[in-house]
Amino acid sequence: MTIDTVKKAIYPGSFDPITNGHIDVLKRSLTLFDEVTIAVIHNPDKTSLFSLEERLAIIESIFVEYPQVHVDTFTGLLVDYLKKTNNTTIIRGLRAVSDFEFEFQMALTNRKLYEKMDTVFLMTDQKYSYLSSSIVKQVARYGGDISEFVTLDVQEALEKKMMKDHVI
Ligand code: PNS
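Cut-offs applied
- Residues numbered from 1 in each chain as written.
- Predicted model: local features only at pLDDT ≥ 70, side-chain atom pairs only at ≥ 80, totals over all residues.
- Heavy atoms only, no water.
- Salt bridge = Lys/Arg side-chain N within 4 Å of Asp/Glu carboxyl O.
- Helix = DSSP H or I, 4+ residues; strand = E, 2+ residues; numbered from the N terminus.
- Buried < 20%, exposed > 50% of the residue type's maximum accessible area, 1.4 Å probe, protein only.
- Pairing = 2+ DSSP bridges.
- Right-handed = clockwise from strand over helix to strand, strands pointing away.
- Phe/Tyr/Trp six-rings, centres within 6.5 Å; stacked < 30°, edge-to-face > 60°.
- Axes fitted to C-alpha atoms, helices over the stretch in contact; angles between N-to-C directions.
- Parallel < 35°, antiparallel > 145°, perpendicular 65-115°, else oblique.
- Left-handed = near helix turned anticlockwise from the far one by under 90°.
- Contact = heavy atoms within 4.5 Å.
- Nonpolar A, V, L, I, M, F, W, Y, C, P; charged D, E, K, R; others polar.

Draft legend 1. Representation of the pattern of salt bridges. A complete count under the given rule lists 8 salt bridges for this structure. Taking the shortest distance from any N to any O, the salt bridge between D16 and K137 comes out at 3.0 Å. Linking D16 in the loop between β1 (8-13) and α1 (20-29) with K137 in helix α5 (residues 133-141), this pair joins segments that are 121 residues apart in sequence. Linking E103 and R92 is a salt bridge whose minimum nitrogen-to-oxygen distance equals 2.8 Å.

Quick look at the structure:
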């Protein structure tokens, strides 16, 4: 297969931290694309619980056995990252109707900024339809059981982070 026929896509997000819902969307995307790059946003204006390096390390460890999954970072406009990396497709997960309005706005704004691009929406498994990184952090902060929401690595990283930062 030549490089031109490789179907590739970008899965952008904050991933603070990556949840089982994100992983479900990523795995679904692998049935449609040959190569998927998880692009973690570096947003200096937004406080995240995990540093960029920590988020990257966690994601890399989860997908270590998936040669078709790459991990990268971007800052600024997503469309600029797409142009720079020669990509035209992004993947976004949809959990519920409530996600749609923002995703619709983002997809059309991105397309206005870069007409060649498309957003592919994938529905998460219903069992993750309520899940978000914010909810996971909130449950972890108060010592709740997050074992069904994130991988063991993420769970341990969260518990460590909560203890280190004296959040609990
Ligand atoms: O995981 P998230 O927080 O829902 O991801 C949102 C993200 C990072 C994909 C989105 O905020 C983004 O693309 N930010 C980069 C800035 C940008 O390009 N904005 C214009 C499109 S609205």
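Resuming the write-up.
Draft legend 2. View of the pairing of strand β2 (residues 35-41). With 5 of 7 residues buried, β2 is to be regarded as a mostly interior element. Here β1 pairs with β2 via 6 bridges, running parallel. Each bridged residue has a counterpart across the sheet, and for G13 the counterpart in β2 is V40. Crossover handedness for the path β1 to α1 to β2: right-handed. Where β2 lies against strand β3 (residues 69-74), 6 bridges are found, and the strand directions are parallel. Within β3, the residue paired with I38 across the bridge is V71.

Draft legend 3. Focus on the packing of aromatic side chains. Under the criterion given, the structure shown has 5 aromatic pairs. Look at Y11 and F15: their rings are 5.3 Å apart centre to centre, the planes differ by 80°, and that puts the pair in the edge-to-face class. Take Y11: its relative accessible area is 4%, and that puts it in the buried class. With a centroid separation of 5.6 Å and 35° between ring planes, the pair formed by F74 and Y81 is classed as tilted. In terms of burial, F74 and Y81 fall into one category: buried.

Draft legend 4. Summary view of the packing of helix α2 (residues 52-62) against helix α6 (residues 152-164). Between α2 and α6, the least distance of the axes is 10 Å, while the angle of their chain directions is 155°. Between α2 and α6, the interaxial angle falls into the category roughly antiparallel. Our pair here, α2 against α6, has a crossing hand that is right-handed. Contacts between α2 and α6 involve E54, I58, S61 and I62 from the former and D153, V154, A157 and K161 from the latter. Tallied by class, the residues present in the contact of α2 with α6 amount to 4 nonpolar, 1 polar and 3 charged.

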